[in-house]
Amino acid sequence: MVRNAAGRMIPEEIDGRRLRPFAGAHADRGGGRKAAPPVRAVADYGNKLRASLDEAIEACNLADGATVSFHHHLRNGDGLVNMVVDRLAARGLRNLTLAPSALFPVHEPLVGHVESGVISHIEGSMNGPVGEACSLGKMSRCCILRSHGGRYRAIQDGDIHVDAAFIAAPQADEHGNVNGLDGPSACGVVSYGLADSLYAENVVVVTDNLVPFPNYPWPIMGGNVDHVCTVDRLGDPEQIISGTTRITRSPTRLMIAKYAAAFVDAIGIMEEPAFSFQAGAGGISLAFIKYLADIMRRKGLRADFARGGSNKYMVEMLEEGLIGWILDGQCFDLDGVRSLRENPRHVETSPFTSYCYHTKGCFATRVKAAVLGATEIDVDFNVNVNTHSDGWLLHGIGGFQDVCDAGITIVTAPVVRGRVPTIVDEVVSITTPGETIDVVVTEYGIAVNPARGDILDRLKGSALPLKTIGELHEIAIGITGKPRKPTFGDRVVCLVEYRDGTVIDAVRQLVP
């Protein structure tokens, strides 16, 4: 074991793989060469259309221990992951690595495939039951959590070698050109599957809406696709709207959102050139967008762009002219899908252009203010979005680590949830280091990271309720008392990988 720059003890090697300890948010400077997919020839691709999903799987020649990947834009409405893994299990395959950009509660049937040995582990994001199975040590190998940008980097750099990528395609042609704009499973953006399509050994496009060539726009290009097949239904697009993508009705959380918008107003960045913002999928973040729009409307201000996850409130700002562009990585509701289809200023982007750290620049650093939710924040501003305070691994990283490259990263959270403190002395697991978190906004006050003296200078004379992070922690403990720490065993069941491929924390098996 070795202690990394975040102060966490991590393994030096696991499952035969040497690990690189986290060394600092911007310590990595890249190097090496990108992975390369096999070179193929047009002569072998006269007809990519397969008679069934089973025939497409057969054509991939998968064996035990293979890695299969998926994108998650249908979120909790996805039907493809379970469909494919069921068929792989029926073929007798075992010890598979699943590399999805995210899993949701709808994927609970995968737990049975973990218990039977079909799946050895997950490399990607896990939300809900599959994360619980990981916490209990049911995976035979160690899982790896990666951010959206980190996953793209890992595929690009060769840390993940995908044997077969299955692209859920709401609309596709026989050549394999894909978009998510129309059809019974329209989910809008599909470009989290871009890295899979570029680097996988085999790329299978699965659609329930086959249209004549050319299907355009084509964020997934047919020139990278091996096989195309149809199914009756990919999933339920209504379920891309989850509980985390509805605006909060809680008076406390609405107050936090109002404080966050007032903070952005108070530091004056909205009046500066090239203002832009990003807000996550949580109820507080959505309320923040609403309050920010009110301020911009009142002051006659306009943002150059907003980074999506798109949603109803962001779309309304675009249509009203309060923002110039939506640069979108995923649609959080059907208003986002409609806008992407109809509005030329609503643009689909991939993790390569928006988040990937191993590029010649992504636009995460061009976002002036980002607002994100968190499960825990500690007195060093470290943030945990993966494990609950009771130790259960229930959430993926999403784009959290990537978004924190914004000019000002604002984390919003109530001081306590139920009887559990949110502002703690030490987070259960670290998703993102405190050096990348600038401000924490709660209902009891706003704490600015002391490293951001420039922000504190801007707030001089402000009427906002400023507190130190230590004061917020004391308030939390005063309400709840000192919380009991979860009990873990020795076995590391999951690595929390930082966006640059280093390991920022190790999650151990929970003793419930």
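Going by the structure above, here's the rest.
Attention in this report is confined to the structure presented alongside it. (Residues numbered from 1 in each chain as written. Predicted model: local features only at pLDDT ≥ 70, side-chain atom pairs only at ≥ 80, totals over all residues. Heavy atoms only, no water.)

## Observations concerning the overall build of the protein
At step 1: Helix and strand content of the protein: 14 helices and 29 strands.
At step 2: Computed over its C-alpha atoms, the radius of gyration of the protein comes to 22 Å, within 12% of the 24 Å expected for a compact globule of 512 residues.
At step 3: Taking the principal axes of its C-alpha atoms as reference, the protein extends roughly 70 × 55 × 40 Å.
At step 4: Within the span of the protein, comprising 512 residues, buried residues form 60% of the whole.
At step 5: Treating the 50 positive side-chain charges of the protein as one cloud and the 60 negative ones as another, the clouds have centres 4 Å apart. (Helix = DSSP H or I, 4+ residues; strand = E, 2+ residues; numbered from the N terminus. Rg over C-alpha atoms; globule rule 2.2 N^0.38 Å. Buried < 20%, exposed > 50% of the residue type's maximum accessible area, 1.4 Å probe, protein only. Lys, Arg positive; Asp, Glu negative; His and termini not counted. Charge placed at Lys NZ, Arg CZ, Asp CG, Glu CD.)

## Quick look at the packing of aromatic side chains
Note on aromatic pairs: each is described by the distance of the centres and the angle between the planes.
At step 1: By the definition in use, this model includes six aromatic pairs.
At step 2: Ring geometry for tyrosine 152 against phenylalanine 352: centres 5.5 Å apart, planes inclined by 45 degrees, an arrangement best described as tilted. With tyrosine 152 in helix α5 (residues 148-157) and phenylalanine 352 in helix α11 (residues 351-354), this residue pair connects regions lying 200 residues apart in the sequence.
At step 3: Take tyrosine 152: its relative accessible area is 4%, and that puts it in the buried class. (Phe/Tyr/Trp six-rings, centres within 6.5 Å; stacked < 30°, edge-to-face > 60°.)

## Some remarks on the sheet that holds strand β21 (residues 408-412)
At step 1: Across the sheet, which stays open at both edges, the nine strands sit in the order β17-β16-β15-β14-β18-β21-β25-β26-β27 with mixed pairing between neighbours. A strand with exactly one partner marks an edge of an open sheet, and here the two such strands are β17 (346-348) and β27 (466-467).
At step 2: In this structure, strand β25 (residues 439-442) lies alongside strand β26 (residues 445-448), joined through four bridges in antiparallel fashion. Across the sheet, residue threonine 442 finds its bridge partner in β26, namely glycine 445.
At step 3: Contacting β21, β25 and β26, helix α7 (residues 251-266) crosses the sheet at an angle of about 140 degrees to β25. (Pairing = 2+ DSSP bridges. Contact = heavy atoms within 4.5 Å. Axes fitted to C-alpha atoms, helices over the stretch in contact; angles between N-to-C directions.)

## Looking at the pairing of β26
At step 1: By the alternation rule, side chains of β26 split into Gly445 and Ala447 and Ile446 and Val448, which are all buried.
At step 2: Once β25 ends, the chain turns through two residues before running back antiparallel as β26.
At step 3: Bridge count for β26 against β27 is two bridges, and the pairing is parallel. By the bridge assignment, alanine 447 is partnered in β27 with lysine 467.
At step 4: Handedness of the crossover is the feature at issue here: the chain leaves β26, passes through helix α13 (residues 453-458), returns alongside β27, and the resulting connection is right-handed. (Right-handed = clockwise from strand over helix to strand, strands pointing away.)

## A word on the pairing of strand β15 (residues 303-307)
At step 1: Of all five residues in β15, four are buried; the element is thus mostly enclosed.
At step 2: When strand β14 (residues 276-279) meets β15, the two strands line up parallel, connected through three bridges. Within β15, the residue paired with phenylalanine 277 across the bridge is alanine 306.
At step 3: In the classification by handedness, the crossover that spans β14, the intervening helix α8 (residues 283-299) and the parallel β15 is right-handed.
At step 4: Relative to strand β16 (residues 323-328), β15 is paired through four bridges, and the arrangement is parallel.

## Things to note about empty space enclosed by the protein
Over the atoms, a rolled probe matching the size of one water molecule traces out where space is still vacant.
At step 1: Scanning the model with the defined rule gives one cavity of 30 Å³ or more in all.
At step 2: A volume near 40 Å³ is recorded for the largest cavity.
At step 3: In terms of lining, the largest cavity is formed by Ser101, His148, Arg151, Tyr152, Tyr192 and Pro351.
At step 4: At three residues, α5 tops the list of elements feeding residues into the lining of the largest cavity. (1 Å grid on protein atoms, 1.4 Å probe; cavity = no way out; pocket = protein on both sides within 12 Å on 5 of 7 lines; lining within 4 Å. Points joined across faces, edges and corners; volume = space filled by probe spheres on them.)

## Describing the pattern of salt bridges
At step 1: Inspection of the entire model under this criterion finds 29 salt bridges.
At step 2: For the salt bridge of glutamate 115 with lysine 138, the shortest nitrogen-to-oxygen distance reads 2.7 Å. One end of the pair, glutamate 115, is in helix α3 (residues 110-115); the other, lysine 138, is in the loop between α4 (129-135) and β8 (143-145), and 23 residues separate them in sequence.
At step 3: With a relative accessible area of 51%, glutamate 115 lands in the exposed category.
At step 4: The closest approach of N and O atoms between glutamate 319 and arginine 338, which form a salt bridge, is 3.0 Å. (Salt bridge = Lys/Arg side-chain N within 4 Å of Asp/Glu carboxyl O.)

## Here we look at the layout of surface pockets
At step 1: In this structure, the second largest pocket encloses a volume near 420 Å³.
At step 2: Around the second largest pocket, the lining is made up of 24 residues, and of these Ser389, Pro483, Arg484, Lys485 and Pro486 lie nearest the centre.
At step 3: At the level of elements, β23 (420-421) and α14 (469-480) are the ones that each hand at least two residues to the lining of the second largest pocket.
At step 4: The dominant element in the lining of the second largest pocket, judged by the number of residues it contributes, is α14, at three residues.
At step 5: When its residues are assigned to classes, the lining of the second largest pocket shows 11 nonpolar, five polar and eight charged. (Nonpolar A, V, L, I, M, F, W, Y, C, P; charged D, E, K, R; others polar.)

## Quick look at the nonpolar core
If you look at soluble globular proteins, the nonpolar side chains tend to sit buried side by side.
At step 1: Residues Met126 and Phe166 are the most contacted members of the largest nonpolar core, which totals 103 residues.
At step 2: Leaving out residues up to four positions away in the same chain, methionine 126 has contacts with Leu103, Gly131, Cys134, Met139, Cys143, Leu145, Leu393, Leu394, His395, Gly396 and Cys494.
At step 3: Judged by nonpolar contacts, the second largest core, of 43 residues, contains Ala287, Met317, Ile408 and Leu464. (Core = buried A, V, L, I, M, F, W, Y, C linked by side-chain atoms within 4.5 Å.)

## Focus: the sheet that holds strand β5 (residues 67-70)
At step 1: Strand order across the open sheet formed by nine strands is β13-β12-β9-β5-β6-β7-β8-β28-β29, with mixed pairing between neighbours. Because the sheet does not close on itself, it has two edges, and the strands there are β13 (227-230) and β29 (503-510). The average undirected angle you get between the axes of adjacent strands in this sheet is 25 degrees.
At step 2: Bridge analysis of β8 against strand β28 (residues 488-497) gives three bridges, and the strand direction is parallel. Bridge pairing in β28 links isoleucine 144 to leucine 495.

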